[in-house]
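The residues making up each chain are set out below.
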Amino acid sequence: MPNTPILEVRNLHKSFGNLHVLKGVSLKIARGEVVVVIGPSGSGKSTLLRCLNYLETPSSGEIIFQGEPIDPRTNLKQVRQEMGMVFQSFNLFPHMKVLHNVTLAPNLVRKTASKTAEEAALELLDKVGMAEKAHSYPPELSGGQQQRVAIARALAMQPEMMLFDEPTSALDPEMIGEVLDVMKKLALEGRTMMVVTHEMGFAREVGSRVIFMDEGVIVEEGTPQELFENPKETRTKEFLSKIL
Amino acid sequence: MEFRWDLVWSSMPTLLSGAKLTVQLTSIAVFFGIIIGTFAGIARLSKGPLRFLAAAYIDVIRGTPLLVQAFIIFYGIPGLIHRPIPAYLAGVLSLSINSGAYVGEIVRSGIQSVDKGQAEAALSLGMSNYQTMRHIILPQAFRRIVPPLGNEFIALLKDSSLVSVIALEELVRKGQIIIGRTFRPFEVWLAVAMIYFVMTFTVSRLVNYVEKRMNVNA
């Protein structure tokens, strides 16, 4: 089924108490697409991403991954193995060496033999330019380095899709480039990615589609060119005029 | 009346044999206390009905004196089950159950001190709740709770003196026995205090050492 989207979201709602954060979001992502989600703070874009792998449980709506609805009682763990996630605050495991951070999940979850997992991990660390630090502990690394390791850690599970939740927002400006470069490399390899970011340069250059969210809904979506050069909605125009 | 150092020294062998029992009781109780406390701490943070059971255990034990708990186990329960509980077992039981409640609170706070992002990262990789707890949360939590656990060990070392009331010849009971023979309370209690201090001081140094070694990474 080449035309089936890898991910489909149908009418997703999420409330935290009285706060209605997502108000009916629907979208489809095709294999190989790089979807960039932009929007003001509090627009619900991170919440949307966190609902996709059920770090937040949606209040209502449906998420269909690889043709199957996600159900926390049955297939959630399998789904999470196929959906790598990169966090704003890296969330590396500080008590484990970099290499161990990358091999842990393949070892425990995929039951990959230690040696195989290590070889694969070193290859991935090399890919993100962190092979030299394989035997360091995360707190010894800079933010940019930690985030690159976090990307390698997510890739080690050989996921079908990668989620990036503001991966450069916690970084010093001079380190943003090194992380975006790695992400760009992944995009060029044809990986399916969904990226929540404030990096408009990245969205414009790497995104195959850009989604603009505001107040819990998708206001507008299109190719980077359509959205950045020729936004149709007033809210999109206002947002872009503030940040560009 | 002059102070008799010779009595302090001559009581030592007997007192040290009591101290041996004190250390034994305390070590066993801390061991089981950590096991019980880990389960209680995790259960308190769980979502199931176990949460209420753990909370009740912790509240009741912390809200009643160890002395009374020891009395209930040694004098009360045997009446219920129609057979005696040996003093040693009763001592270990009351100290372990008591320690478990305090350790439970320590473990709970340790788990809560680990950033939420750690669990999220582990879960997002497809790890189970158990794997996340076992490999990610607990190792980090335990590093942080070494100091309060050390304090608990020291507190228990001292509180174990209370089980002297159920005929266990630990350090305090040995002291009482010697006083019964010699009528020299000052010398003997001083000797007892010295031994307690040496024990607690050693433990606190040990805890400091472990803490420093663990802080090398993370």
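Read on for a plain summary of the structure. Quick caveat: nothing in here was measured; it's all calculated off a predicted structure.

The rules we used
- Residues numbered from 1 in each chain as written.
- Chains lettered and ligands numbered in written order.
- Predicted model: local features only at pLDDT ≥ 70, side-chain atom pairs only at ≥ 80, totals over all residues.
- Heavy atoms only, no water.
- Helix = DSSP H or I, 4+ residues; strand = E, 2+ residues; numbered from the N terminus.
- Buried < 20%, exposed > 50% of the residue type's maximum accessible area, 1.4 Å probe, protein only.
- Contact = heavy atoms within 4.5 Å.
- Areas by Shrake-Rupley, 256 points an atom, 1.4 Å probe, with all protein chains shown as cover.
- Pairing = 2+ DSSP bridges.
- Phe/Tyr/Trp six-rings, centres within 6.5 Å; stacked < 30°, edge-to-face > 60°.
- Lys NZ or Arg CZ within 6 Å of the ring centre and 35° of its normal.
- Buried area = accessible area lost by both parts, 1.4 Å probe.
- Salt bridge = Lys/Arg side-chain N within 4 Å of Asp/Glu carboxyl O.
- Nonpolar A, V, L, I, M, F, W, Y, C, P; charged D, E, K, R; others polar.
- Axes fitted to C-alpha atoms, helices over the stretch in contact; angles between N-to-C directions.
- Parallel < 35°, antiparallel > 145°, perpendicular 65-115°, else oblique.
- Left-handed = near helix turned anticlockwise from the far one by under 90°.
- 1 Å grid on protein atoms, 1.4 Å probe; cavity = no way out; pocket = protein on both sides within 12 Å on 5 of 7 lines; lining within 4 Å.
- Points joined across faces, edges and corners; volume = space filled by probe spheres on them.
- Core = buried A, V, L, I, M, F, W, Y, C linked by side-chain atoms within 4.5 Å.

Below, the discussion takes up the overall build of chain B. Counting its regular elements, chain B contains 8 helices and 0 strands. For chain B, the sequential pattern of α-helices and β-strands runs α-α-α-α-α-α-α-α. Taken along its principal axes, the extent of the C-alpha atoms in chain B is 75 × 50 × 20 Å. Burial analysis of chain B (218 residues in total) assigns 47% to the buried set. A sequence separation of at least 24 residues applies to 77% of the contacts in chain B between residues at least 6 apart. On chain B, roughly 11,400 Å² of surface is accessible, and the fraction owed to carbon and sulfur atoms is 68%.

Our next topic: the pairing of strand S2 (residues 19-29) of chain A. All names here are of chain A. Inspection of the sheet shows strand S1 (residues 7-16) paired to S2 by 8 bridges, in the antiparallel sense. Its bridge partner being in S2, Leu-12 is matched across the sheet by Val-25. The hairpin formed by S1 and S2 contains 2 residues between the paired strands, and Gly-17 there has a positive phi angle of roughly 60°.

Turning next to the packing of aromatic side chains. Summed over the entire model, instances satisfying the criterion amount to 8 aromatic pairs over all chains. Plain terms: the ring middles of B:Trp5 and B:Trp9 are 5.9 Å apart, the flat faces sit at 20° to each other, and that makes the pair stacked. Of the two residues, B:Trp5 and B:Trp9 are both situated in helix H1 (residues 5-45); the distance of 4 residues between them amounts to about one turn of the helix. Cluster of aromatic residues (ring-pair linked, three or more members): B:Phe3, B:Trp5, B:Trp9 and B:Phe186. We note A:Arg153 situated over the ring of A:Phe93; from NZ or CZ to the ring centre the distance is 4.5 Å. Between A:Arg204 and the ring centre of A:Phe228, over which it is positioned, the NZ or CZ distance is 4.9 Å.

In this section: the environment of B:Tyr196. Residues and elements named next belong to chain B. Tracing the sequence through the fold places Tyr-196 in helix H8 (residues 185-214). Measuring from C-alpha to C-alpha, the distance between Tyr-196 and Ser-161 comes to 9.9 Å, with 35 residues separating the pair along the chain. Here Tyr-196 is in contact with Thr-22, Leu-157, Lys-158, Ser-161, Glu-170, Leu-171 and Val-172, once residues within four sequence places are set aside.

Okay, the interface of chain B and chain A next. Taken residue by residue, the interface counts 20 residues in chain B and 25 residues in chain A. Both faces combined, the contact of chain B with chain A buries some 1,900 Å², and carbon together with sulfur accounts for 64% of it. Of all residues in chain B, B:Glu120, B:Ser124 and B:Leu125 bury the most surface against chain A, accounting for 31% of the area lost on that side. Linking chain B with chain A are 1 salt bridge, by the criterion used here. For B:Glu120, the salt bridge identified is with A:Arg50, shortest N-O distance 2.6 Å. Among the elements of the structure, helix H5 (116-124) and helix H6 (129-159) of chain B are those that each provide at least two residues to the side of chain B that touches chain A. Among the elements that take part in the side of chain B that touches chain A, H5(B) stands out by supplying 7 residues, more than any other. Considering only residue class, the side of chain B that touches chain A consists of 8 nonpolar, 9 polar and 3 charged.

Turning our attention to the packing of H1(B) against helix H2 (residues 50-62) of chain B. A pair of packed helices can be characterised by two numbers: the angle between their axes and the separation between those axes. Residues and elements named next belong to chain B. Packing of H1 against H2 brings their axes to within 7 Å, and their N-to-C directions diverge by 125°. Of the possible angle classes, the one that applies to H1 and H2 is oblique. When the axes of H1 and H2 are compared, the crossing they make is left-handed. Taken together, the residues of H2 that come into contact with H1 (itself represented by Ile-36, Ala-40, Ala-43 and Arg-44) are Leu-50, Arg-51, Ala-54, Ala-55, Tyr-57 and Ile-58. Split into classes, the residues belonging to the contact of H1 with H2 amount to 8 nonpolar, no polar and 2 charged.

Turning our eyes to something else, we now look at the sheet that holds strand S6 (residues 83-86) of chain A. All names here are of chain A. Ordered by their spatial adjacency, 6 strands build an open sheet running S6-S7-S8-S3-S9-S10, and the pairing between neighbours is mixed. A single partner strand is all that each edge strand has here, and the edge strands are S6 and strand S10 (217-222). Each neighbouring strand pair of the sheet contributes to a mean axis angle of 20°, computed without reference to strand direction. Note that strand S7 (residues 161-165) and strand S8 (residues 192-196) share 5 bridges and pair parallel. Bridge pairing in S8 places Phe-164 opposite Val-195.

A word on the layout of surface pockets. In this model, the largest pocket occupies a volume close to 1,200 Å³. Around the largest pocket, the lining comprises 34 residues; the ones closest to its centre are B:Lys47, B:Ala119, B:Leu123, B:Asn129 and B:Met133. Those elements that provide at least two residues to the lining of the largest pocket are helix H2 (76-82) of chain A together with H1, helix H4 (87-113), H5 and H6 of chain B. The biggest single contributor to the lining of the largest pocket is H6(B), with 7 residues. Of the residues in the lining of the largest pocket, the class split is 18 nonpolar, 7 polar and 9 charged. Taken as a whole, the second largest pocket spans an internal volume of roughly 240 Å³. Along its surface, the second largest pocket is lined by 16 residues, and A:Ala120, A:Leu124, A:Leu155, A:Ala156 and A:Gln158 are the ones closest to its centre.

Residue and element names in this part refer to chain A. Of all hydrophobic cores here, the largest spans 54 residues; its most connected members are Leu-7, Leu-52 and Met-194. Residue contacts for Leu-7: discarding those within four places in its chain leaves Leu-27, Lys-28, Ile-29, Leu-52, Ile-63, Ile-64, Phe-65, Met-83 and Met-161. Membership of the second largest hydrophobic core comes to 47 residues, among which are Ala-156, Leu-171, Val-206 and Phe-212.

The subject of this paragraph is the environment of A:Thr4. Residue and element names in this part refer to chain A. Mapped onto the secondary structure, Thr-4 falls in the segment before S1. For Thr-4, a relative accessible area of 31% translates into the label partly exposed. Once the C-alpha coordinates of Thr-4 and His-198 are considered, the two residues, 194 residues apart in sequence, prove to be 29 Å apart.

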